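Coordinate inspection notes
If you want the building blocks of each chain, they are given just below.
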Amino acid sequence: MERSYAEYVPAIKAMSDETRLKIIDMLSCGEMCACDILEGLSISQSTLSYHMKILADSGLVRAERDGT
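Structural notes, computed from the coordinates.

**Brief notes about the overall build of the chain**
Across its full length, the chain holds 4 helices and 0 strands. Helices (α) and strands (β) of the chain occur, in sequence order from the N terminus, as α-α-α-α. Within the chain, the proportion of its 68 residues that are buried is 22%. Contacts spanning at least 24 positions in sequence make up 51% of the contacts within the chain whose residues lie at least 6 apart. Element-wise, carbon and sulfur atoms account for 51% of the exposed surface of the chain, whose accessible area totals about 5500 Å².

Structural data, given as structure tokens:
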């Protein structure tokens, strides 16, 4: 049986960053808004958006906009 490991690559790449691992750890307790995640990290809002996009695109988290 031949396995396709290519489907795992985006998730593994997403988890290769310390900040993204911290975000995943924070979200493992449940849904959080960006402001709550930012309180626990020393990053800007734009940097959080960048990391969340990578995590969402890899399928590790589900992100949704609420508000403007």
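**A closer look at the nonpolar core**
Membership of the largest hydrophobic core is limited to 10 residues, which are Ala-14, Ile-23, Met-26, Leu-27, Ile-37, Leu-41, Leu-48, Met-52, Leu-55 and Val-61. The set of elements that each furnish at least two residues to this core consists of helix H2 (18-27) and helix H4 (45-58). Residues within four places of Leu-48 in sequence aside, it is in contact with Ile-23, Ala-34, Ile-37, Leu-38 and Ile-43.

**Some details on the packing of H2 against H4**
Their axes nearest at 10 Å, the elements H2 and H4 cross at an angle of 75°. Relative to H4, the element H2 lies roughly perpendicular. Listed contacts from H4 to Thr-19, Arg-20, Ile-23, Ile-24 and Leu-27 of H2 are Leu-48, Tyr-50, His-51, Met-52, Ile-54 and Leu-55.

**Overview of the packing of aromatic side chains**
Counted by the stated rule, this structure contains 1 aromatic pair. Between Tyr-5 and Tyr-8 the ring centres are 6.5 Å apart and the planes differ by 45°, which places this aromatic pair in the tilted class. With a relative accessible area of 54%, Tyr-5 lands in the exposed category. Residue class for Tyr-8 comes out partly exposed when judged on its relative accessible area of 47%.

Criteria and thresholds
Residues numbered from 1 in each chain as written. Predicted model: local features only at pLDDT ≥ 70, side-chain atom pairs only at ≥ 80, totals over all residues. Heavy atoms only, no water. Helix = DSSP H or I, 4+ residues; strand = E, 2+ residues; numbered from the N terminus. Buried < 20%, exposed > 50% of the residue type's maximum accessible area, 1.4 Å probe, protein only. Contact = heavy atoms within 4.5 Å. Areas by Shrake-Rupley, 256 points an atom, 1.4 Å probe, with all protein chains shown as cover. Core = buried A, V, L, I, M, F, W, Y, C linked by side-chain atoms within 4.5 Å. Axes fitted to C-alpha atoms, helices over the stretch in contact; angles between N-to-C directions. Parallel < 35°, antiparallel > 145°, perpendicular 65-115°, else oblique. Phe/Tyr/Trp six-rings, centres within 6.5 Å; stacked < 30°, edge-to-face > 60°.

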